[in-house]
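Architecture at a glance
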Amino acid sequence: MNRGIVEPVQVAVNAIVVVTTAALLYEPGPLVARAGHDAWLAVLVGTALSVAFAWGVWAAYFRPERAPGEPAGAGRPSWTGRLLALAFAAYAIYMGVLLVAQVAMTFTTVLPEMPIAAFAAGTALTGWMLSAYGREALYRTGQLLFPLMVLASVANLAVSLAGNVDSRELLPLLEAGPERILRAVPLVFAFGSEVLVLAAAAGAVRAPWRLALFLPVAVTLSGLLMAAYTAAAVGVLGSHEVARSTFPVLALARQVRVSLFLLRVEILTLFAWLTGTFVKEGLLLSAAAESITGPWDWEPAGNGPSRAWRRWPPPCWPWRVSPTPSSCSTTWPGPSPLSPGRPRRFSW
Amino acid sequence: MEGSNRLHRLSREIGERAARLSALLDAWAADRAAERAIPPQLAHAVHALRALLGFASDLQVRHLRLAGEIQVAVVVIDGLVDDQLIHHVVLAPLARAPQSACTPEAVQRWLLHRGLEGAQLRPAGNFRELARELHRGSAVVLVDGVPLALVIDLSGFEHRLPEEPASEVVTRGPREGFTEVLRTNVAAVRRRLADHRLRVESFTVGRLSHSRGALLYVLGQADPLVVERLRRRLAAVTLDAVVDTAQLVSYLSGRPWSPFLQYRSTERPDVCAAALAQGQVVVMLDGTPFAVIAPSTFWDLLHSPEDYYLRWPFSSAMRVLRLASVLFSVGGLALYVAVVNYHHELVPTNLLVTIVNSRAPVPYPTLMEALILNLGFDLLREAGARMPQGIGGALTVVGALVVGDAMVRGGLASAPMIVLVAVSAVATLALPTFAVTVPFRLLSYLLLVLGSTFGLFGVAVGATVIAGHLASLESAGKPFLAPMTPWRGRALLEDALSRLPWTKHRVPGPFLSRQDARGQGERGPTPPRGVEG
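Residues numbered from 1 in each chain as written. Chains lettered and ligands numbered in written order. Predicted model: local features only at pLDDT ≥ 70, side-chain atom pairs only at ≥ 80, totals over all residues.

1. Topic: the overall build of chain B
- Scanning chain B from terminus to terminus reveals 17 helices and 12 strands.
- Its C-alpha atoms put chain B at 100 × 65 × 50 Å along the principal axes.
- For chain B, buried positions account for 47% of its 533 residues.
- Within chain B, residue pairs in contact and separated by at least 24 positions form 69% of the contacts whose partners lie at least 6 positions apart. (Helix = DSSP H or I, 4+ residues; strand = E, 2+ residues; numbered from the N terminus. Buried ≥ 20, exposed ≤ 12 C-beta atoms within 10 Å, placed from the backbone. Contact = placed C-beta atoms within 7 Å.)

Listed below in structure tokens is the structure:
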């Protein structure tokens, strides 16, 4: 029964999708440019910080079951809450636009003959469609596509490393001191903090207390994956090459020839990455729509932009029609076999 | 606001849990009632028996007054016993009862030793036994004043249903299929689930056709919310004439515009019985052999009945193969076109040269080539399906060999494309039923267009939207993709993506069908005899 209720595991899985989707492609380059071959250590440190942030998100939103801007009780939200919700929506929209731009730029390099608008529109529309299916379907989609993404990432990593990695590129540790690592930590934290967007689902999680563990673990796993990719990129390509490259992970994938049939696998990596991007775009749009509509008295937060758009105009407008209630009362059970009830035959 | 929303959600959850608890209590009460001794008063005994079987409309009770003024009731389940047989073996001898049988004890003595001499008779003391025997095709005779019932075994005279269903052919397993007669179909299911908790609710649908139907479920196993939901949906049918369950499915589906079947359809009583035992609900309609099972999942569409009659490794491998064939049939051609058009770097040079050489004489783009061949195949299949078997086979051969070969020789299609279209089409047909293949064929066209227009980006867009759509579907309120999402790993391995040996199956708890399997730790019973692991 589609009620917009999601499970803690789905939130955790989507947290990994949100954190790693953009990070895996972009992060190693600027990170290595700042921290050198110790960038993977910076990822670990930044991940620790992100884990603490994720727990903070849980404590601030999931534990009290309240999305950003939502009032504590049944009353109207305060103006502070409304402004907070608007800020949250602005953050989600900004991240969404950024993501669309990233995809468009990436695919322009892969398919230069195609207009950039096609990729931008394709990404935005797909994200919108996913969010239009509703929060529950969106989180389920993330969970459904997650194995594909993990499989592609891990397989790519494994085949990239086989015979290509030079561990000397990663040594010695802390060659330039901890300062360079600390300079790179904010960048890692920026990716890790994107888990904040999931706060829009607060109040709609079946057992929110379980997220106290699940959310930090998800961020930890994301950090480990990012650290592994950063280390792999440096180990295979060398820190200078990684620092210069825009998409070091794609360059890493180009090193791979997995079989006679597939000459290069970077497009498959991109394919898996793309599906995660769509889900993330959907999450961002959904979060923005819910933050705009919920605390602004349009209607109780519902199942994403499609319902949000349907809720327009606000109920104070004269021609606003109330939606029909989706819930229904049940008449179960009928007469007990022990009681002399009427026959269970019905006709219409 | 959200606070009141939460309160509303909480109150609804409490209501649902209360409904489920009530259903559990009902099942418990039914079990208790089944263990009760048969009361001597005939009216009480008949009422208790009818109540135990949920006042099913196919439970027939015939009251007789014997010559000695003693009242007798004969109880049978309609469809399980031949009408003529019950008349000759039971009713006619009762009508010849002597005047001397004027006390209950005398009637009982007469019935046991003289009156029903030719029949296989035995006394039964409690209702559970009576319910079981009724489901096995026996007749029950209750005598006013006697705290026992006489069970007359008539099951040996029953025979199997007429024919094997054409749409679900199996190499191993029962050969029975449903007919167009509702009472026969209900009886076939009752024979397989001889339990007093099986409920059969009859309904009428269609403003002009007044078609009779039946809603079957097992009390205490089926989720009462699902049953209630189906009742309400069936009550909302406003069609004038309802001739098939396919019409009902449109009303049962929450998303009637979706190309995917959200309910499994079957012609087999064994499939229905298994579904009922797992907590699903079955809807039958008079005039059609197709029953609808709710809730169903995406994985049910990939299951064949014989998966349960073959050994588990083979069944599991077949299921994985079917899933792979679905994925290939939907996306295989689109991926090929995308790679050939946009991502040449993926293909090794030798293979690329072969593809380019074979495509060189083809005068139109890859998309057109793929569309023409795909449409040609669908045309041949449609024509073959509507023709007599002999001609249909010949048509397929002509289409596949002659036309395909002529197209390659004439430079109208490339050989790799023909191979791919053929494999993709065969992959579609690997699914158990034809109706399931239709949405996948349709979606393959969508992905083909996206793949040829935007390359792998387009395929990714299409695949994600399809995944999102599947994730948004629900069948009778249960997630369509369960137990993949919501994730129930054990249930996924047990009987969804694969099938574990029977001994490793857990006993399904109440309302915990495959959609919601969780927290079940009990091991299942020993496998049924004659069924492999």
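From this point, things continue past the structure.
2. Things to note about the overall build of chain A
- Broken down by element type, chain A carries 12 helices and zero strands.
- Along chain A, helices (α) and strands (β) appear in the sequence α-α-α-α-α-α-α-α-α-α-α-α when read from the amino end.
- Counting the 348 residues in chain A, one finds 52% classified as buried.
- The contacts in chain A between residues at least 6 apart in sequence include a share of 79% that link residues at least 24 apart.

3. With respect to the pairing of strand β6 (residues 198-205) of chain B
- Of all eight residues making up β6(B), seven are buried, and the element is well covered by its neighbours.
- Adjacent in sequence and paired antiparallel, β6(B) and strand β7 (residues 211-218) of chain B are bridged by five residues, among which G206(B) carries a positive phi angle near 100°. (Pairing = 2+ DSSP bridges.)

4. Section: the sheet that holds strand β8 (residues 264-266) of chain B
Residues and elements named next belong to chain B.
- Spatially, five strands are ordered β6-β7-β9-β10-β8 in an open sheet, and the strand pairing comes out antiparallel. The open sheet has two edge strands, β6 and β8, and neither has a second partner. The sheet shows a mean angle of 25° between the axes of neighbouring strands, direction not considered.
- Looking at chain direction, β7 and strand β9 (residues 281-285) are connected through four bridges and run antiparallel. Bridge pairing in β9 links A214 to M284.
- Along the sheet, helix α6 (residues 182-192) makes contact with β6, β7, β9 and β10 (291-294), crossing β7 at roughly 10°.
- Of the strands in this sheet, β6, β7, β9 and β10 touch helix α7 (residues 224-235), which is tilted by about 25° from β9. (Axes fitted to C-alpha atoms, helices over the stretch in contact; angles between N-to-C directions.)

5. Quick look at the environment of T141(A)
- Summarising the element assignment, T141(A) is placed in helix α6 (residues 135-161).
- Residue class for T141(A) comes out buried when judged on the 32 C-beta atoms lying within 10 Å of it.
- For the pair T141(A) and Q10(A), spaced 131 residues apart in sequence, the C-alpha separation works out to 9.3 Å.
- Setting aside its immediate chain neighbours within four residues, T141(A) contacts L130(A), V279(A), A467(B), G468(B) and A471(B).

6. So, the pairing of strand β5 (residues 149-153) of chain B
Residue and element names in this part refer to chain B.
- In terms of burial, β5 is a largely internal element, four of the five residues being buried.
- Pairing of strand β3 (residues 120-124) with β5 involves five bridges; the strand directions are antiparallel. The partner of A124 across the bridge, within β5, is A149.
- As paired elements, strand β4 (residues 139-143) and β5 share four bridges and run antiparallel to each other. Its bridge partner lying in β5, L142 is registered against A149.
- Connecting the antiparallel pair β4 and β5 is a turn made up of five residues, with G145 showing a positive phi of about 95°.

7. Thoughts on the sheet that holds β3(B)
Residue and element names in this part refer to chain B.
- Spatially, the five strands line up as an open sheet ordered β1-β2-β4-β5-β3, and their pairing is antiparallel. A single partner strand is all that each edge strand has here, and the edge strands are β1 (59-65) and β3. Recorded for the sheet is a direction-independent mean angle of 25° between the axes of neighbouring strands.
- Sheet contacts for helix α5 (residues 127-135): β2 (71-77), β3, β4 and β5; angle to β2, the most-contacted strand, approximately 55°.

8. A short note on the packing of helix α5 (residues 116-132) of chain A against helix α11 (residues 266-293) of chain A
All names here are of chain A.
- Taken N-terminus to C-terminus, the directions of α5 and α11 make an angle of 65°; their axes are 7 Å apart at the nearest point. For the crossing formed where α5 meets α11, the hand is right-handed. Contacts from T123, A124, T126, G127, W128, L130 and S131 in α5 reach T277, F278, V279, E281, G282, L285, S286 and A289 in α11.
- Across the contact of α5 with α11, the residue classes break down as seven nonpolar, seven polar and one charged. (Left-handed = near helix turned anticlockwise from the far one by under 90°. Nonpolar A, V, L, I, M, F, W, Y, C, P; charged D, E, K, R; others polar.)

9. Focus on the nonpolar core
- Within the largest apolar cluster, 251 residues are counted, with the highest numbers of intra-cluster contacts made by V11(A), A15(A), V197(A), L215(A), V141(B), L216(B) and V281(B).
- At 17 residues, helix α16 (residues 434-472) of chain B tops the list of elements feeding residues into this core.
- Those residues in contact with L216(B) that sit more than four places away from it in its chain are V189(B), L198(B), R199(B), V200(B), L276(B), V281(B), V282(B) and M284(B). (Core = buried A, V, L, I, M, F, W, Y, C linked by C-beta atoms within 7 Å.)

10. Here's the deal with unusual backbone geometry
Residue and element names in this part refer to chain B.
- Residue A294 is joined to P295 through a cis peptide bond whose omega torsion reads -10°.
- Topologically, P295 is positioned in the loop between β10 and α10 (298-301).
- Residue P483 is bonded to the preceding A482 through a cis peptide linkage, with omega at 5°.
- Tracing the backbone through its elements, the reader meets P483 in the loop between β12 (478-479) and α17 (489-495).
- Backbone geometry places H210, a non-glycine residue, at a positive phi of 45°.
- In this fold, H210 is placed in the loop between β6 and β7.
- Assessed through the 12 C-beta atoms surrounding it within 10 Å, H210 is described here as exposed.

11. Describing the environment of T179(B)
- With respect to the helices and strands, T179(B) occurs in the loop between β5 and α6.
- For the pair T179(B) and P165(B), spaced 14 residues apart in sequence, the C-alpha separation works out to 9.1 Å.

12. Let's talk about helix α3 (residues 83-95) of chain B
All names here are of chain B.
- Along α3, the largest kink reaches about 30° and is centred on V89; proline P93 follows within four residues of it.
- Those residues of α3 that fall on the buried side of the exposure criterion are V89, V90 and L94.
- The inward-facing, buried residues of α3 contact β1, β2, α4 (104-115), β4 and β5. (Bend = angle between axes of the 7 residues up to and from the residue.)

13. A short note on helix α9 (residues 269-277) of chain B
All names here are of chain B.
- With seven of nine residues buried, α9 is to be regarded as a mostly interior element.
- Of all the positions in α9, only P269, D270, V271, C272, A273, A275 and L276 are classed as buried.
- Looking at the buried positions of α9, the neighbouring elements they touch are α6, β6, β7, β8, β9 and β10.

14. Concerning the environment of R192(B)
- Considering the arrangement of structural elements, one finds R192(B) in helix α6.
- For the pair R192(B) and F178(B), spaced 14 residues apart in sequence, the C-alpha separation works out to 13 Å.

15. A few points about the packing of α6(A) against helix α8 (residues 211-237) of chain A
Residue and element names in this part refer to chain A.
- Axis separation between α6 and α8 bottoms out at 10 Å; the angle between their running directions is 25°. One way to sum up the angle between α6 and α8 is to call them roughly parallel. Relative to α8, α6 is oriented so that their crossing is left-handed. Residues S153, L157, S160 and L161 of α6 form the contact with α8, whose own contacting residues are L225, A228, Y229, A232 and V236.
- A breakdown of the residues in the contact of α6 with α8 according to their chemical character gives seven nonpolar, two polar and no charged. (Parallel < 35°, antiparallel > 145°, perpendicular 65-115°, else oblique.)

16. Things to note about the confidence of the model for chain A
Residues and elements named next belong to chain A.
- Per-residue confidence for chain A gives a mean pLDDT of 79; residues scoring 70 or more make up 80%.
- Confidence scores differ between elements of chain A, with helix α12 (residues 305-311) showing the lowest mean pLDDT of 49 and α5 the highest of 94.
- Taken as a whole, residues 300-304 scores under 50 in pLDDT and shows 21 contacts with residues more than four places along the chain or in a different chain.
- In the model, residues 309-348 has pLDDT below 50 throughout and makes 56 contacts with residues more than four positions away in sequence or in other chains. (pLDDT = per-residue confidence, 0-100.)

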